[in-house]
Amino acid sequence: MENPLKYTIIKPYKESHISIKDQRICAYRCENKPCTYYCPSQVYYWSDNAIQVDYTRCIECKACPFGCPYGNIEWHYPKAGYGVMYKI
């Protein structure tokens with residue numbers, strides 16, 4: 001699979017536009033951690049008994065809030081002038 005980030009320029013804002021609402025849900029209720037594999041740019045990963053979010057990789061496909069079986073991901077567009085820009 002080709003890396004989707006190859007076709008993007010991402011200008012991250014100083015604060016994340018993605019957050020986990022409750023880490024306890026990830027740790028104790030979410031067995032398969034689907035966010036760690038359905039995100040095409042690998043924004044989410046499991047480390048130190050918590051879901052970690054690398055928002056600087058986000059390509060703004062907005063799949064994450066819909067793919068979380070517990071509705072535990074808060075997502076909004078980055079501040080204007082920041083985020084992903086696609087190369088043509």
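No experiment lies behind these values; they were computed from the predicted model shown. (Residues numbered from 1 in each chain as written. Predicted model: local features only at pLDDT ≥ 70, side-chain atom pairs only at ≥ 80, totals over all residues. Heavy atoms only, no water.)

I'd like to hear about the nonpolar core, residue by residue, with values.
If you look at the biggest cluster of nonpolar residues, it comprises 14 residues, and the most contacted ones within it are Ile 18, Ile 20, Val 43, Tyr 44, Ile 51 and Ile 73. Breaking this core down by element, the ones donating at least two residues are strand E2 (18-20) and strand E5 (73-75). (Core = buried A, V, L, I, M, F, W, Y, C linked by side-chain atoms within 4.5 Å. Buried < 20%, exposed > 50% of the residue type's maximum accessible area, 1.4 Å probe, protein only. Helix = DSSP H or I, 4+ residues; strand = E, 2+ residues; numbered from the N terminus.)

Please set out empty space enclosed by the protein residue by residue, giving values where relevant.
All told, the structure shown has 3 cavities of 30 Å³ or more when counted by the stated rule. Estimated volume of the largest cavity: approximately 80 Å³. Along the walls of the largest cavity sit 14 residues, with Cys 26, Cys 30, Pro 34, Cys 35 and Cys 68 positioned nearest its centre. Residue assignment for the lining of the largest cavity shows that the elements contributing at least two residues are helix H1 (23-29) and helix H2 (35-38). In terms of residue class, the lining of the largest cavity is built from 12 nonpolar, 1 polar and 1 charged. Taken as a whole, the second largest cavity encloses approximately 70 Å³ of empty space. Around the second largest cavity, the lining is made up of 13 residues, and of these Cys 39, Val 43, Cys 58, Cys 61 and Cys 64 lie nearest the centre. Broken down by class, the residue content of the lining of the second largest cavity amounts to 10 nonpolar, 1 polar and 2 charged. (1 Å grid on protein atoms, 1.4 Å probe; cavity = no way out; pocket = protein on both sides within 12 Å on 5 of 7 lines; lining within 4 Å. Points joined across faces, edges and corners; volume = space filled by probe spheres on them. Nonpolar A, V, L, I, M, F, W, Y, C, P; charged D, E, K, R; others polar.)

Can you break down the side chain of Lys 33 residue by residue, with the values?
Within the fold, Lys 33 resides in the loop between H1 and H2. Lacking a salt bridge, the buried Lys 33 has Glu 31 as its closest oppositely charged neighbour, with an N-O distance of 8.2 Å. A polar side-chain atom of Lys 33 sits 2.4 Å from the main-chain carbonyl oxygen of Cys 30. (Lys, Arg positive; Asp, Glu negative; His and termini not counted. Salt bridge = Lys/Arg side-chain N within 4 Å of Asp/Glu carboxyl O. Polar contact = N/O pair within 3.5 Å; in protein donor to acceptor, adjacent residues only side chain to side chain.)

Quick one: what's the story with the environment of Pro 65, residue by residue and with numbers?
Examined against the element boundaries, Pro 65 turns out to sit in helix H3 (residues 64-67). Given a relative accessible area of 21%, Pro 65 falls into the partly exposed group. The spatial distance from the C-alpha of Pro 65 to the C-alpha of Tyr 82 is 20 Å, given a sequence separation of 17 residues. Excluding its chain neighbours within four sequence positions, the residues that come into contact with Pro 65 are Ile 73 and Trp 75. (Contact = heavy atoms within 4.5 Å.)

An account of the side chain of Glu 60 is requested, with residue identities and associated values reported.
By the element assignment, Glu 60 lies in the loop between strand E4 (50-53) and H3. The side chain of Glu 60 sits in the buried core without any salt bridge; Lys 62 is the nearest counter-charge, 10 Å away. Here Val 84 takes part through its backbone nitrogen, which lies 2.8 Å from a polar atom of the side chain of Glu 60. Ignoring any residue separated from it by four or fewer positions in sequence, one finds Glu 60 in contact with Trp 75, Tyr 77, Pro 78, Tyr 82, Gly 83 and Val 84.

Break down the packing of aromatic side chains for me, citing the residues and quoting the values.
The description of an aromatic ring pair rests on the distance of the ring centres and on the angle between the ring planes. Following the criterion strictly, the structure yields 2 aromatic pairs and no others. Ring geometry for Tyr 13 against Tyr 82: centres 4.9 Å apart, planes inclined by 65°, an arrangement best described as edge-to-face. Taken together, the residues Tyr 13 in the loop between strand E1 (8-11) and E2 and Tyr 82 in the loop between E5 and strand E6 (83-86) connect sequence positions 69 residues apart. In this structure, Lys 11 is placed above the aromatic ring of Tyr 82, and the distance from its NZ or CZ to the ring centre is 4.9 Å. Between the NZ or CZ atom of Lys 33 and the centre of the ring of Trp 46, over which it lies, the distance is 4.6 Å. (Phe/Tyr/Trp six-rings, centres within 6.5 Å; stacked < 30°, edge-to-face > 60°. Lys NZ or Arg CZ within 6 Å of the ring centre and 35° of its normal.)

Geometric values such as these leave the question of function open.
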